[in-house]
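Remarks on the overall topology
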Amino acid sequence: MTEKAGGHDDPPADVLAEAAAAFGLLASPSRLHLMWALSQGESDVTRLARRVGGALPAVSQHLAKLKLAGLVRARRDGRRQVYYIDDPDVVTLVRAMLGQLTARSRPAAQVPRLRRTGG
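Residues numbered from 1 in each chain as written. Predicted model: local features only at pLDDT ≥ 70, side-chain atom pairs only at ≥ 80, totals over all residues. Heavy atoms only, no water.

Let's shift gears to the nonpolar core. Core analysis: the largest hydrophobic core is formed by 22 residues, its most contacted members being Met-35, Leu-48, Leu-63 and Leu-66. Put simply, the parts of the chain that give this core at least two residues each are helix H1 (13-25), helix H2 (29-39), helix H3 (45-52), helix H4 (56-68) and helix H5 (88-105). A total of 5 residues in this core trace back to one element, the largest contributor, which is H2. (Core = buried A, V, L, I, M, F, W, Y, C linked by side-chain atoms within 4.5 Å. Buried < 20%, exposed > 50% of the residue type's maximum accessible area, 1.4 Å probe, protein only. Helix = DSSP H or I, 4+ residues; strand = E, 2+ residues; numbered from the N terminus.)

Written out as structure tokens, the structure is:
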């Protein structure tokens, strides 16, 4: 790591590569939608497919990639695989990113404005 002005160290190259790979996976709207759904709570693949409007095999493949990247985990519940996000920082990141972009996409008329009072 090299130190930069402001006292923050640059991350090592392997950490940057891992982060880039994770962000690359999240560049897919389908995978990002799955992450959003899982940030709300755990779910099985059938429910996730219904929620995101995807075909079951495609959703399973997306979840497998997210699992390999360490972004989601799975546990067995009887005959079902239940997926969840185990890292609260990942949940925070997904919610913050999508929440901010959703707020920005609202038409100006929907955003409440503060009224000035005399003065």
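Let's pick the thread back up.
A separate point is the pairing of strand E3 (residues 80-84). Here strand E1 (residues 43-44) runs beside E3; their pairing, made up of 2 bridges, is antiparallel. Paired with Asp-44 across the bridge in E3 is Val-82. Bridge count between strand E2 (residues 73-77) and E3: 5 bridges; the pairing is antiparallel. The residue bridging Ala-74 from the neighbouring strand is Tyr-83, located in E3. Linking E2 to E3, which pair antiparallel, is a turn of 2 residues; within it Gly-78 sits at a positive phi near 70°. (Pairing = 2+ DSSP bridges.)

Think of a sheet as strands paired side by side through backbone hydrogen bonds, with each pair either parallel or antiparallel. Read across the open sheet, the 3 strands follow the order E1-E3-E2; overall the sheet is antiparallel. Of all the strands in the sheet, the pair left with one neighbour each is E1 and E2.

Attention now goes to the layout of surface pockets. As a volume, the largest pocket reaches approximately 210 Å³. Lining the largest pocket, in full, are Glu-18, Ala-19, Ala-21, Ala-22, Phe-23, Leu-25, Leu-26, Ala-69, Leu-71, Asp-89, Val-90 and Leu-93. Of all the secondary-structure elements, those providing two or more residues to the lining of the largest pocket are H1 and H5. For the lining of the largest pocket, a count of residues per class yields 10 nonpolar, no polar and 2 charged. (1 Å grid on protein atoms, 1.4 Å probe; cavity = no way out; pocket = protein on both sides within 12 Å on 5 of 7 lines; lining within 4 Å. Points joined across faces, edges and corners; volume = space filled by probe spheres on them. Nonpolar A, V, L, I, M, F, W, Y, C, P; charged D, E, K, R; others polar.)

Relative to the helices and strands, Arg-31 resides in helix H2. Engagement of the side chain of Arg-31 in a polar contact is seen with the side chain of His-62, the distance being 3.0 Å. Apart from the residues within four sequence positions on either side, Arg-31 is in contact with Gly-24, Leu-25, His-62, Lys-65 and Leu-66. (Polar contact = N/O pair within 3.5 Å; in protein donor to acceptor, adjacent residues only side chain to side chain. Contact = heavy atoms within 4.5 Å.)

Among the residues making up H3, those that are buried are Val-45, Leu-48 and Ala-49. The buried side chains of H3 occupy one side of the element, clustering within an arc of 100° when seen end-on. Contacts made by the buried residues of H3 are with H2, E1, H4 and E3. Measuring from the side-chain oxygen of the N-cap residue of H3 to the backbone nitrogen of Thr-46 gives 3.3 Å; that N-cap residue is Asp-44. Positive phi appears at Gly-53, one or two residues downstream of H3, with a value of about 70°. (Arc of directions from axis to C-beta.)

With that out of the way, let us pick up the environment of Thr-46. Mapped onto the elements, Thr-46 comes out in helix H3. You can call Thr-46 partly exposed: its relative accessible area is 38%. Residues Thr-46 and Arg-80, 34 residues apart in the sequence, show an inter-C-alpha distance of 9.2 Å.

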